[in-house]
Amino acid sequence: MTARTNLRPFAPTRRRGAPGGFWTAIVVFGLGTILGSIALRALQPVLGISPALLVLPQLGPSVGVLGVVLVCKPVAGVTGGGSWWPDVRVLRRVGCGAAVLAAVLALSVVVLAGTGRAVGPPGLGQLGVSLWFFVPLQLLGVCGEELGWRVFLQQHLQTRWPMTAAALAVGTVWAGWHVEYYRFGPLFFGAFWLACVALSVILAHLVHRTGRGALLIAGAFHCLLNLGTLVVLDFSGGELPHMLVLAGTTGGAAVVLAPVGRVRRER
């Protein structure tokens, strides 16, 4: 029994016999994320923070996690489950994620160039701020997301669902939360959804059994993804070819990595 429990370091710790604890945590997280994101969106212009530097609603999932901790405490993935400091295994997963992203973005560039599509724009150069100022803000924003999506929701769902099923659900919720892409139409959003689901599967394999180190792994992956797409792709105006290419390359990476991750877990 002890060995089985240790396989689920993120499982929310519930009092024995507490009815509906699994779904209660999900509802609390969902409501907290939605309300937190709405409040932060309203607060953004008041604080005068440029969305090009930091999108405050990215911290919405962290508000949802805070609600879970307060209402359904304790939550092992957030309040326990290892050290916040990265160990060798965590750093190795960060490197693996960076390699996957490099392959995905390189293939995207090749496909776009092969079809005669322009690659770019070089978004980092258009920000007018230092890279050393921009990157920490981006990392703050994506960690605000990943504390909710991967550190809590993915591992919470895995206490009852298979990892891939949990990743598909998280990817769907993650995509739907990006309301700014709705205006580009169903085809664009469908491609965006496919990319989010594929990325969610990849991230689920990367953060599997890493304790609190999941925040660093997912945060670094997400930050590198945002920076990479900002440099070589362009979604600002709903450019469908770029999103279709990203959906295809990330989907291919997820299909390739899924059996590799399964074999490693079986070992």
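Above this text you will find the structure in question.
Below you will find a few notes about this structure. (Residues numbered from 1 in each chain as written. Predicted model: local features only at pLDDT ≥ 70, side-chain atom pairs only at ≥ 80, totals over all residues. Heavy atoms only, no water.)

1. Comments concerning the layout of surface pockets
Turning to step 1, where the next piece is worked out: The volume enclosed by the largest pocket comes to roughly 1500 Å³.
Turning to step 2, where the next piece is worked out: As for the largest pocket, its lining consists of 49 residues, of which Val55, His178, Glu180, Tyr181 and Asn226 are closest to the centre.
Turning to step 3, where the next piece is worked out: Among the elements of the structure, helix H2 (21–47), helix H6 (131–157), helix H7 (163–177), helix H8 (186–207), helix H9 (214–232) and helix H10 (240–266) are those that each provide at least two residues to the lining of the largest pocket.
Turning to step 4, where the next piece is worked out: Considering every element that reaches the lining of the largest pocket, the biggest residue donor is H2, with ten residues.
Turning to step 5, where the next piece is worked out: Partitioned by chemical class, the residues of the lining of the largest pocket number 30 nonpolar, 14 polar and five charged. (1 Å grid on protein atoms, 1.4 Å probe; cavity = no way out; pocket = protein on both sides within 12 Å on 5 of 7 lines; lining within 4 Å. Points joined across faces, edges and corners; volume = space filled by probe spheres on them. Helix = DSSP H or I, 4+ residues; strand = E, 2+ residues; numbered from the N terminus. Nonpolar A, V, L, I, M, F, W, Y, C, P; charged D, E, K, R; others polar.)

2. Brief notes about the pattern of salt bridges
Turning to step 1, where the next piece is worked out: Throughout the structure, instances matching the rule amount to one salt bridge.
Turning to step 2, where the next piece is worked out: Of the charged contacts in the structure, one is a salt bridge between Arg150 and Glu146, with a shortest N-O distance of 2.7 Å. Taken together, the positions of Arg150 and Glu146, both in helix H6 and four residues apart, correspond to about one turn of that helix. The residues Arg150 and Glu146 share a single accessibility class, namely buried. (Salt bridge = Lys/Arg side-chain N within 4 Å of Asp/Glu carboxyl O. Buried < 20%, exposed > 50% of the residue type's maximum accessible area, 1.4 Å probe, protein only.)

3. Observations regarding a nonpolar patch on the surface
Turning to step 1, where the next piece is worked out: Together, Val27, Leu31, Ile34, Leu35 and Ile38 make up a nonpolar patch on the protein surface, roughly 500 Å² of accessible area in all.
Turning to step 2, where the next piece is worked out: Considering the arrangement of structural elements, one finds Val27 in helix H2. (Patch = residues over 30% accessible without salt bridge, like charges linked within 9 Å, V, L, I, M, F, W, Y side chains within 5 Å. Areas by Shrake-Rupley, 256 points an atom, 1.4 Å probe, with all protein chains shown as cover.)

4. Quick notes on H9
Turning to step 1, where the next piece is worked out: Over its 19 residues, H9 extends 27 Å from the first C-alpha to the last, a length consistent with the 27 Å expected when each residue adds 1.5 Å.
Turning to step 2, where the next piece is worked out: Most of H9 sits inside the fold, with 14 of its 19 residues counted as buried. (Expected span 1.5 Å × (residues − 1).)

5. Digging into the packing of aromatic side chains
Turning to step 1, where the next piece is worked out: Within the structure shown, the criterion is met by eleven aromatic pairs.
Turning to step 2, where the next piece is worked out: A centroid spacing of 5.0 Å and a plane angle of 70° characterise the contact between Phe184 and Phe188, whose relative ring orientation is edge-to-face.
Turning to step 3, where the next piece is worked out: For Phe184, a relative accessible area of 21% gives the class partly exposed.
Turning to step 4, where the next piece is worked out: Chaining the aromatic ring pairs together yields one cluster made of Tyr181, Tyr182, Phe184, Phe188, Phe189 and Phe192.
Turning to step 5, where the next piece is worked out: Cation over ring: Arg150 sits above Trp174, and NZ or CZ is 4.4 Å from the ring centre. (Phe/Tyr/Trp six-rings, centres within 6.5 Å; stacked < 30°, edge-to-face > 60°. Lys NZ or Arg CZ within 6 Å of the ring centre and 35° of its normal.)

6. Here we look at H8
Think of an α-helix as 3.6 residues a turn; residues three or four steps apart then line up on the same face.
Turning to step 1, where the next piece is worked out: Helix length check: H8 (22 residues) gives 31 Å between terminal C-alpha atoms against 32 Å at 1.5 Å per residue, within 8%.
Turning to step 2, where the next piece is worked out: Burial runs high along H8: 17 of the 22 residues are buried.
Turning to step 3, where the next piece is worked out: Residue Arg209 follows H8 closely and has a positive phi angle near 60°.

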